[in-house]
Amino acid sequence: MTEVDLLIVHAGQLLTLAGPNDRPRTGTAIGDLAIIPDGAMAAADGVVVAVGPTLQVMDEVTPGPSGEVIDAGGRVVVPGIRTRT
């Protein structure tokens, strides 16, 4: 089981940018989102390591000793955008 620093669970809708990421998305490709009901995501050392339905992700990961678990309480969770510097 993978130990994680951050675990977000029970998102009413978890939006992801699933699919090929070989170049920046432009035009209609910007709207290519995957929506996961009752979704969860987990990250370790700032890298997303698991995304999917809450029960599936919770079977794959465990919070580390200082890991943070956030219950999204049915809210929508969207990815943040980080640019390279």
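Residues numbered from 1 in each chain as written. Predicted model: local features only at pLDDT ≥ 70, side-chain atom pairs only at ≥ 80, totals over all residues. Heavy atoms only, no water.

Caption draft 1: Broad picture of the overall build of the chain. Secondary structure assignment for the chain yields one helix and five strands. Beginning at the N terminus, the succession of helices and strands in the chain can be written as β-β-β-α-β-β. Considered along the principal axes of its C-alpha atoms, the chain spans approximately 40 × 30 × 20 Å. Relative to its full complement of 85 residues, the chain shows a buried share of 27%. Sequence separation of 24 or more characterises 65% of the internal contacts of the chain that already satisfy a separation of 6 or more. (Helix = DSSP H or I, 4+ residues; strand = E, 2+ residues; numbered from the N terminus. Buried < 20%, exposed > 50% of the residue type's maximum accessible area, 1.4 Å probe, protein only. Contact = heavy atoms within 4.5 Å.)

Caption draft 2: Main features of the pairing of strand β2 (residues 34-44). The pairing of strand β1 (residues 2-16) with β2 spans eight bridges and is antiparallel. Bridging across to β2, I8 finds its partner in M41. (Pairing = 2+ DSSP bridges.)

Caption draft 3: The arrangement of the nonpolar core in detail. The biggest cluster of nonpolar side chains holds nine residues, and these are V4, L7, V9, A40, A42, A44, A50, V57 and V61. Residue contacts for A42: discarding those within four places in its chain leaves V4, L6, L7, V47, V48, V49, A50, V57 and V61. Within the second largest apolar cluster, eight residues are counted, among which are I8, A11, I36 and A72. (Core = buried A, V, L, I, M, F, W, Y, C linked by side-chain atoms within 4.5 Å.)

Caption draft 4: The arrangement of the environment of Q13 in detail. Relative to the helices and strands, Q13 is located in strand β1. For the pair formed by Q13 and V61, sequence separation is 48 residues and the distance between their alpha carbons is 20 Å. With residues near it in sequence (within four places) discarded, Q13 still touches I35, I36, R75, V76 and V77.

Caption draft 5: Expanded view of the side chain of T16. Locating T16 in the fold gives a position in strand β1. With relative accessibility at 14%, the residue T16 sits in the buried group. In this structure T16 touches D32, L33, A34, I36 and V51, once residues within four positions along its chain are discounted.

Caption draft 6: Spatial organisation of a nonpolar patch on the surface. Residues L17, L33 and I35 make up a contiguous nonpolar surface patch of roughly 240 Å² in combined accessible area. Locating I35 in the fold gives a position in strand β2. (Patch = residues over 30% accessible without salt bridge, like charges linked within 9 Å, V, L, I, M, F, W, Y side chains within 5 Å. Areas by Shrake-Rupley, 256 points an atom, 1.4 Å probe, with all protein chains shown as cover. Salt bridge = Lys/Arg side-chain N within 4 Å of Asp/Glu carboxyl O.)

Caption draft 7: Expanded view of the environment of A72. Note on placement: A72 falls in the loop between β4 (61-71) and β5 (76-77). A72 sits in the buried class, given a relative accessible area of 7%. If we skip the residues at most four places from it in the chain, A72 touches I8, V9, H10, A11 and V77.

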